[in-house]
There are 2 protein chains.
Amino acid sequence: MLRSFWSNVTAGIAVLVGIAGLSYVLAGAAQPPGGPAAVVEFTADGKLKQPIGYREWVYIGEVVTPNELNGGEATFPEFHAVYMDPESFAHFKMTGKFRDGTVVMKELSSVGSKEAPSGNGYFQGELTGLEASIKDSKRFKDEPGNWAYFSFGHKYPLKAEVSKNAAAACNQCHQDNAKMDWVFSQYYPVLSAAAPRSK
Amino acid sequence: MLRSFWSNVTAGIAVLVGIAGLSYVLAGAAQPPGGPAAVVEFTADGKLKQPIGYREWVYIGEVVTPNELNGGEATFPEFHAVYMDPESFAHFKMTGKFRDGTVVMKELSSVGSKEAPSGNGYFQGELTGLEASIKDSKRFKDEPGNWAYFSFGHKYPLKAEVSKNAAAACNQCHQDNAKMDWVFSQYYPVLSAAAPRSK
């Protein structure tokens, strides 16, 4: 009986370990742990490492500022695809607010063509640039609104890690012109559809 | 010993059931079961119900065909945001192919403004329309490439359920002009970045 007791204990531990492991993976799949640390990484000296996986985050809007309409080179050339990390988007849907820890990525791509079977307009060419904005009341406690802005460049190869931009370079324009909490939500109908109270 | 044997068997069964249950939930969270039935629904007479949740699928590309550049009304007015269901995107990343069961949604939105702090261009206004294309070798075995096309309308309120369009209305243009398997992948650099072999 002693042997079977230990056999049961061993089996029991194996079950608990197995369930804990599965639960951890399950929790990871359904809802990653909070904060930007969950989706982005910083170097010891505070540089943001180029995030991965953001193309599978939640897409919140699209803009095109063609170079040809902006004196040959737009400030952000040319298509902008904007993504938000999934957990922050889930929080936004519930509350209409950008939670502490929100990460927004802006991926730039060129205009590839202006005519296609669907008509005249602007059609994407190549991926060209990547930028990020992160709201973090601890790490960016001195930035207005606690938002910091990063650019990995507008041409490939992109930088692997970058320091935040000076507040005057990005934050000021967002503070002055963005509709909601430093985010240009006025151009992202997906956001207002997700959280009608945020309108 | 007999009692402890049955105790072990019972414990073993409990473990297996538990793990199977967790694995099912886990599989559900990480990778829903295959086929369009997992992400879209049809009525008994074959109409596609308006999908839900597609704004949290994987965004694959953006296009803008402004009305003003298309004689007052574009064929698909005006912004097109294109999404693919996550499991089919995961398959595409692995293989460079659109699996049987791929669902692609195209959400339309209006041009809201043409000038913003980031420059001149086209900025989204309101969500206006929704379309879908689905590759299904069983349900659409008679459609070229097994792709069928659906439109929920270009103006709100959208239709709740719709029959597939005639092949001549959509499929023919995709067959003639789309780069890869009836999908206009030439305008979606996210796709070629996801599966470089598909280029």
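A brief structural summary. As the structure is a computational prediction, the values presented were derived from the model and not from experiment.

1. Things to note about the environment of B:Pro66
By the secondary structure assignment, B:Pro66 is in the loop between strand E2 (58-64) and strand E3 (79-84). C-alpha separation for the pair B:Pro66 and B:Gly119, spaced 53 residues apart in sequence, amounts to 17 Å. Those residues in contact with B:Pro66 that lie beyond four places of it in its chain are A:Asn120, A:Gly121, B:Ala74, B:Glu78 and B:Tyr122.

2. Considerations on the side chain of B:Glu107
Residues and elements named next belong to chain B. Looking at where Glu-107 falls in the secondary structure, it is placed in strand E4 (residues 103-116). Residue Glu-107 is classed as buried on the basis of its relative accessible area of 2%. Within the structure, the side chain of Glu-107 is placed 2.9 Å from the side chain of Tyr-54, a separation counted as a polar contact. A distance of 2.8 Å separates a polar atom in the side chain of Glu-107 from a polar atom in the side chain of Arg-55. When sequence neighbours within four positions are dropped, the list of residues in contact with Glu-107 reads Tyr-54, Arg-55, Phe-79, His-80, Ala-81, Tyr-83, Leu-127, Gly-129, Leu-130 and Tyr-156.

3. Let's talk about helix H2 (residues 86-95) of chain A
Note: α-helices contain 3.6 residues per turn, so residues at a spacing of three or four share the same orientation. Residues and elements named next belong to chain A. Glu-87, Ser-88, Phe-89 and Phe-92 are the residues of H2 that are buried. Looking at the buried side of H2, the elements it contacts are strand E2 (58-64), strand E3 (79-84), strand E4 (103-116) and helix H4 (189-194). The positive-phi residue at the C-terminal boundary of H2 is Gly-96, with phi of around 75°.

4. Observations concerning the interface of chain A and chain B
Contact residues are listed per partner, giving 53 residues for chain A and 54 residues for chain B. When chain A packs against chain B, close to 4500 Å² is buried across both sides, 63% of that on carbon and sulfur atoms. Where chain A touches chain B, the interface holds two salt bridges. Residue B:Glu56 pairs with A:Lys93 through a salt bridge whose shortest N-O separation is 2.6 Å. Across the chain A-chain B interface, the total number found is ten residue pairs in polar contact (both at pLDDT 80 or more). Contributing elements (two or more residues each) for the side of chain A that touches chain B: helix H1 (2-30), E2, E3, H2, E4, strand E5 (119-135), helix H3 (171-177) and H4 of chain A. In the side of chain A that touches chain B, the residues fall into 29 nonpolar, 17 polar and seven charged. Where E5(A) meets E2(B), two bridges bridge the pair, whose relative direction is antiparallel. Bridge pairing in E2(B) links A:Tyr122 to B:Val64.

5. A look at the pairing of E2(B)
All names here are of chain B. Of all seven residues in E2, seven are buried; the element is thus mostly enclosed. Alignment of E2 against E3, held across six bridges, turns out to be antiparallel. Paired with Val-63 across the strands is His-80, a residue of E3.

6. Comments concerning unusual backbone geometry
A cis geometry characterises the amide bond from A:Pro77 onward to A:Glu78, with omega recorded as -10°. Topologically, A:Glu78 is positioned in the loop between E2 and E3. The backbone phi angle of A:Trp182 is positive, close to 70°, even though this residue is not glycine. Non-glycine residue B:Asp181 carries a positive phi angle of around 50°. The topology assignment puts B:Asp181 in the loop between helix H3 (171-177) and helix H4 (189-194).

7. Quick notes on the relation of the copies chain A and chain B
The second copy of the chain is related to the first by a rotation about an axis and a shift along the axis. If you rotate chain A by 180° and push it 0.0 Å along the axis, it lands on chain B with an RMSD of 0.0 Å. Such a combination of turn and shift is consistent with a two-fold rotation axis. Mapped onto chain B, 100% of the interface residues of chain A again fall at the interface, so both copies present the same surface.

8. Quick notes on the pattern of salt bridges
Residues and elements named next belong to chain A. Counted by the stated rule, this structure contains 20 salt bridges over all chains. A salt bridge links Lys-135 to Asp-181; the nearest nitrogen and oxygen atoms lie 3.0 Å apart. Of the two residues, Lys-135 sits in strand E5 while Asp-181 sits in the loop between H3 and H4, which places them 46 residues apart along the sequence. Its relative accessible area of 13% is what places Lys-135 among the buried residues. Note on Asp-181: relative accessible area 24%, which makes it partly exposed.

Calculation rules
Residues numbered from 1 in each chain as written. Chains lettered and ligands numbered in written order. Predicted model: local features only at pLDDT ≥ 70, side-chain atom pairs only at ≥ 80, totals over all residues. Heavy atoms only, no water. Helix = DSSP H or I, 4+ residues; strand = E, 2+ residues; numbered from the N terminus. Contact = heavy atoms within 4.5 Å. Buried < 20%, exposed > 50% of the residue type's maximum accessible area, 1.4 Å probe, protein only. Polar contact = N/O pair within 3.5 Å; in protein donor to acceptor, adjacent residues only side chain to side chain. Buried area = accessible area lost by both parts, 1.4 Å probe. Salt bridge = Lys/Arg side-chain N within 4 Å of Asp/Glu carboxyl O. Nonpolar A, V, L, I, M, F, W, Y, C, P; charged D, E, K, R; others polar. Pairing = 2+ DSSP bridges. Least-squares fit on C-alpha atoms with pLDDT ≥ 70 in both.

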